[in-house]
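Next come the chains, spelled out residue by residue.
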Amino acid sequence: MFVCTRYKWIKMGTKVNLISGRTTVQGRNLDSKLSEEYFDEVARCDLNKADLEKLGVAADESVKVNTSYGEVIVKAKEDGGTPEGIAFMPMGPWANAVVSGDTHGAGMPVYKGIDAEIEKTGEKVLHVKELMQTYMG
Amino acid sequence: MVEVTDVVCSLCGCVCDDIVVEVEDNKVTKVKRGACSVGKSKLMGHNRIKSPAIRVNGELKDCSYDEAIKKAAEILAASRRPLLYGWSSTVCEADKVGVELAEELGAVIDNTASVCHGPSVLAIQDVGLPSCTLGEVKNRADVIIYWGANPAEAHANHMKRYSYVSKGFWTEEGKKAKKLVVVDVRATKTSKMADVFLQIEQGKDYLVFSALRAILYGHADVVPDEVGGVSKKDLLETAEMMKGAKFGATFFGMGVTHTGARQNNIVNAIQMTRAAHTHTKFTITPMRGHYNVAGINQVCTWETGFPFAVDLTRGYAWYNPGELSATDLLIRQECDAALIIASDPGAHFPGESIKHLAKIPVIQIDPFPNPTTEFADVVFPAAVSGVEAEGNVYRMDNIPIRLRKLIDSEYPEDEAILKRILDEVRAIKEKEGN
Amino acid sequence: MAEVLIKNGVVYDPLNGVKGEKKDICIRDGKVVESVTNPKVIDAEGRVVMPGGVDIHSHIAGGKVNSGRLFRPEDGRKGLEAKTKVCRMQSGYSVPNTFAIGYRYAKMGYTFVMEAAMPPLAARHTHEELVDIPILDNAALPLLDNNWMTMEYVNGGDMDLLAAYVAWIMKATKGFGVKIVNPGGTEMWGWGKNCSLNDTVPTFDVTPAEIIKGLAEANEKLEMPHSIHVHTNMLGHPGNFEITKETYDLVKGVNTVKDRQVMHTTHTQFHSYGGTNWGDFESKADAIAGYINQNDHATIDIGSVILGDTTTMTADGPMEYSLYQITGRKWTNHDVELETGSGITPFLYSGKSPVNTIQWAIGMELALLVEDPWKIALTTDHPNAGPFIGYPILISMLMSKKRREESSADMHKVIYDKALLPSIDREYDLNEIAIITRGMTAKALGLHEHGKGHLGVGADGDVAIYDMSPEETDAGKIQKAFLNTKYTIKDGQIVVKDGEVVATPDGKTYFVTPECDDKLTDEMMVKLKDKFDHYYTVTLNNYPVQDAYVPNPYEIKTQMRG
């Protein structure tokens with residue numbers, strides 16, 4: 001099944017509701033975003049065990065997160081606190097790679113509650129600098 | 001080695017001010033007590049931007065401050081629609097120069113509130129905000145609600161210093177005599193501490209606020225058996241707990257400002273607080289993120305009349321969030337130059353907005369390299385406020401506190417850099433006869 | 001040496017007994033002098049000349065003023081003016097931005113404004129805004145009446161220790177005088193309640209009456225330039241005039257070495273209400289004015305209503321909640337730990353409303369019924385009864401019975417049976433206007449000893465030249481003249497010319513540093529330290545306002561009486 005959006009055609013696969021937010025380690029590295037610790041913490045997506053199984057993904061394997069705006073590769077993590085059907089990404093460049101800039105006149109983008117599709121991938125997770133390069137040109 | 005007390009943390013909106021550190025050889029060598037792990041990390045320091053730099057053929061090349069000032073001023077003076085953005089992780093003294101620079105340039109000035117509690121501001125403009133200082137909560141509150149907020153990770157000292165875990169005048173037993181309600185989509189470190197955890201369906205905050213409001217106003221009969229994934233029984237119990245409070249305090253975070261209903265969520269949260277206030281004392285406070293995001297809202301308001309998203313093109317302040325907020329301006333590809341200070345849109349803006357930012361000339365003032373540095377065209381390293389520079393900041397409850405300077409810096413303060421840019425812009429305009 | 005000579009003006013300088021005399025004013029280096037040798041000459045050409053205006057009570061800076069701005073963009077949009085070569089951008093009507101406050105006051109000939117309520121814990125905020133208000137000299141009154149320290153000392157009867165605490169707060173906040181707002185009531189608002197003058201505040205076991213009396217005594221022990229400055233209990237409640245009178249009686253026996261009142265009650269219009277509810281609401285301005293006429297220990301400012309929309313704001317949290325319940329409009333509240341509170345809500349004063357009509361009359365009635373203008377000050381409790389920009393309207397009303405009659409005819413007809421205004425014939429003359437806008441206010445604040453409110457030799461070179469002849473009787477022309485001066489001169493510098501701001505020097509901040517016995521202070525600090533160790537969320541060392549916040553200080557030292 002395909003859906004036409006403002007941006008592109010996306011394949012509707014394993015649908016999740018994507019939210020982003022703060023974590024302690026993300027906060028600790030707010031002034032150190034080029035560090036490995038930040039990369040390990042923020043370039044990730046938390047999913048419930050059931051969702052991971054549905055995707056056939058083990059913890060620390062790469063997944064591709066697709067939204068109507070864009071796509072990004074991150075590592076999957078299992079998190080028991082995240083309910084089925086919800087994907088949590090720490091706030092930061094990876095999560096924002098799939099957030100639309102449209103604020104619907106509110107001034108605030110929708111950082112939480114984004115329709116997303118997640119799939120297993122063999123592609124590599126981009127480092128901060130590589131990820132920022134994708135915005136150039 | 002010198003021990004410094006009463007150190008004020010310049011990380012999050014808690015602005016803890018009872019930190020003790022050790023300083024030796026112009027370095028903070030140890031954070032002895034008072035700071036959480038996030039604050040400690042800030043005080044101990046990180047890798048710095050080493051030198052001012054200008055991008056030449058895609059590469060940042062080190063240069064002098066004079067050269068960078070000249071380049072930055074040229075970019076800004078030549079711009080027809082400059083955006084000056086950030087302002088939250090610096091002191092009010094710098095923010096004031098920022099407003100003056102925006103006025104001189106006829107720029108749009110916006111701050112990080114537009115991607116954190118901007119919707120809260122809109123809601124306050126609609127219905128007001130019955131709130132209090134954090135010490136009121138510490139001394140009086142026996143029912144604490146965290147809604148769409150995870151202080152255990154994002155504001156690690158909040159519960160200990162100000163709310164659930166703190167002990168005050170009428171709350172000397174601490175958490176034993178208090179109730180903690182947490183409302184969130186996910187189970188979090190905070191929800192694990194709660195007496196009541198309402199795990200709601202994502203995006204259903206508005207409905208749950210409405211249900212509680214209805215119950216508090218005596219209309220429980222209209223509430224269905226389940227609202228947003230929460231049973232009516234749990235809602236009734238929560239409402240009873242709120243009514244029975246001697247003093248209730250709601251804190252809300254980006255869990256409600258970032259979702260679909262945005263400012264409407266906050267209006268409803270405030271209306272719920274008003275409803276509770278018909279039974280007992282109830283207050284509500286946004287969990288502000290950056291240590292001085294409240295401060296730039298204050299400065300911008302007393303100087304321009306408006307808290308954020310202010311357009312000074314016409315020489316007077318024109319306020320229209322949703323049109324003039326940074327992300328909106330960027331996706332419309334409207335601004336043709338940007339000055340980014342004390343914030344990191346490269347990490348925290350939607351990719352779509354970053355695309356335009358990467359295209360236009362960007363001036364960055366920051367102590368630390370970050371994703372924004374990757375596309376910045378002029379980069380100024382600055383002293384770290386609260387470690388290397390003093391100045392005024394506003395805590396999340398709008399209490400002003402002065403950051404302390406602990407060590408000397410080889411880098412200038414934000415305020416000084418901005419003043420030099422402003423002077424240079426004026427000199428250019430003077431020469432051009434404007 | 002910068003010299004200015006103001007020639008041919010008709011001078012009203014009531015503190016020096018000058019009542020409309022043709023007289024030259026000489027200024028050198030910012031101060032009034034006997035004579036000058038090579039001055040810049042300003043020909044006043046028979047116009048009215050007065051000392052710079054001194055506002056005794058106005059909310060111009062600090063947390064609640066800014067919360068008012070923040071939550072009312074609709075008000076901000078009313079006063080937009082672009083920056084000029086001289087002036088920065090302006091916004092707002094009832095809650096103008098800091099720049100507009102300075103320019104608009106200066107254009108009315110004012111050079112000093114007292115910020116009427118500074119929460120001690122947020123004093124830095126008040127000062128940050130005061131610094132950003134151009135031209136005006138200023139000061140701020142720290143709130144001291146709902147403070148736990150105050151209530152505990154009043155409860156224990158420790159007046160010397162109370163004075164030591166007041167002295168400490170004055171120094172810690174760089175404050176000017178003792179402000180009292182709904183004593184006891186704001187602490188009770190911490191629990192959503194309120195109280196009246198003789199109710200007991202639970203936990204602290206004191207009454208508002210005891211708090212007021214205690215602070216009056218402490219204030220006089222410290223020989224403060226200003227008396228206690230009181231917003232009495234039950235503001236805005238029908239029938240509150242009895243409480244107001246009773247409040248005056250409390251301090252009748254308090255002695256002062258200063259040549260001034262021992263209590264100033266503010267925005268007295270809001271406290272001169274008769275009736276038992278909004279239905280039988282009526283003016284009791286005559287009862288209040290009668291009391292003031294018969295007694296010499298109390299002064300008042302009127303807090304007169306300006307019709308139209310405004311933003312109400314006060315440390316009286318419960319009062320704002322009541323007002324919000326009446327109007328259903330937006331409402332902000334901010335309680336401040338261990339000290340005070342605040343509330344804000346927009347309000348429309350409508351000439352069609354019977355209650356608003358009576359309120360509108362009461363402020364002017366007070367001014368007209370108090371016989372001695374040295375006991376009364378012109379205010380609108382900006383922005384509570386209306387914005388300060390309405391002062392020229394009030395001046396023209398007080399000076400013209402005809403204008404009052406015309407205006408009354410447009411009001412609700414209740415004005416003719418529940419208010420006194422239509423029956424009053426008195427008209428103010430310019431000397432009396434000068435008293436209630438500068439002479440009396442400077443004296444009541446003790447600032448006449450520091451060069452404010454008069455034009456005697458040694459006074460500050462702050463002068464207003466109004467573009468009107470002393471014989472002018474046309475109310476419209478009077479109003480226009482008082483809105484935009486021909487010249488406003490500040491410290492000898494022309495800041496307004498022909499109604500335009502031409503220079504924006506920085507104002508000074510006045511504050512009082514009362515000294516008291518070290519042993520007393522040490523004893524007080526033990527209790528205070530305990531408060532900081534256990535109940536405040538800011539440390540004792542981070543609490544006092546640093547010198548950086550007052551770049552242009554004017555310090556007044558006092559010594560506690562033994």
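Looking now at the overall build of chain C. Within chain C one finds 18 helices and 24 strands. Taken along the three principal axes of its C-alpha coordinates, chain C extends 65 × 55 × 45 Å. In chain C, buried positions account for 69% of the 562 residues. Sequence-distant contacts, at least 24 apart, represent 77% of the contacts inside chain C between residues at least 6 apart.

Now for the domain arrangement of chain B. Residue and element names in this part refer to chain B. Parsing chain B into structural domains produces domain 1 (2-42), domain 2 (48-114 + 291-432) and domain 3 (118-286). When each unit is reduced to the centre of its C-alpha atoms, the spacing between domain 2 and domain 3 is 34 Å. With ten residues of domain 2 in contact, the opposing surface of domain 3 contributes twelve residues. Contact with domain 3 buries surface across domain 2, with Arg 395, Met 396 and Asp 397 losing the most and accounting together for 56% of the total. Connecting domain 2 to domain 3 are three residue pairs in polar contact (both at pLDDT 80 or more). When the residues that make up the side of domain 2 that touches domain 3 are grouped by side-chain class, the tally is seven nonpolar, one polar and two charged.

Facing 53 residues of chain B, the contacting portion of chain A comprises 48 residues. For the pairing of chain B and chain A, the buried interface totals around 4200 Å² over both sides, and the portion due to carbon and sulfur atoms is 58%. Three residues stand out in chain B for area buried against chain A, namely Arg 186, Arg 262 and Glu 374 of chain B, and they jointly supply 16% of the buried area on that side. Between chain B and chain A we count three salt bridges in total. There are 19 residue pairs in polar contact (both at pLDDT 80 or more) connecting chain B and chain A.

Residue and element names in this part refer to chain C. Relative to the helices and strands, Ala 218 is located in helix α8 (residues 208-221). On the basis of relative accessible area, Ala 218 is assigned to the buried category, the value being 0%. For the pair Ala 218 and Lys 480, spaced 262 residues apart in sequence, the C-alpha separation works out to 43 Å. Those residues in contact with Ala 218 that lie beyond four places of it in its chain are Met 159, Leu 162, Ala 163 and Val 166.

The next thing to look at is helix α13 (residues 391-399) of chain C. With eight of nine residues buried, α13 of chain C is to be regarded as a mostly interior element. Taken as a whole, α13 of chain C has its buried residues at Tyr 391, Pro 392, Leu 394, Ile 395, Ser 396, Met 397, Leu 398 and Met 399 of chain C.

Our focus in this paragraph is the packing of aromatic side chains. For the structure shown, the criterion picks out 38 aromatic pairs over all chains. On the numbers, 4.6 Å between centres and 75° between planes, the contact of Phe 169 of chain B with Trp 170 of chain B is edge-to-face. For Phe 169 of chain B, a relative accessible area of 24% corresponds to the partly exposed category. When the ring of Phe 247 of chain B is compared with that of Trp 191 of chain C, the centres are 6.4 Å apart and the planes differ by 90°; the resulting orientation is edge-to-face. Highlighted residues: Phe 247 of chain B in strand β14 (residues 247-252) and Trp 191 of chain C in the loop between α7 (185-189) and α8, drawn from two different chains. As far as the burial class goes, Phe 247 of chain B and Trp 191 of chain C line up, both buried.

Criteria and thresholds
Residues numbered from 1 in each chain as written. Chains lettered and ligands numbered in written order. Predicted model: local features only at pLDDT ≥ 70, side-chain atom pairs only at ≥ 80, totals over all residues. Heavy atoms only, no water. Helix = DSSP H or I, 4+ residues; strand = E, 2+ residues; numbered from the N terminus. Buried < 20%, exposed > 50% of the residue type's maximum accessible area, 1.4 Å probe, protein only. Contact = heavy atoms within 4.5 Å. Domains from an automatic or database assignment. Buried area = accessible area lost by both parts, 1.4 Å probe. Polar contact = N/O pair within 3.5 Å; in protein donor to acceptor, adjacent residues only side chain to side chain. Nonpolar A, V, L, I, M, F, W, Y, C, P; charged D, E, K, R; others polar. Salt bridge = Lys/Arg side-chain N within 4 Å of Asp/Glu carboxyl O. Phe/Tyr/Trp six-rings, centres within 6.5 Å; stacked < 30°, edge-to-face > 60°.

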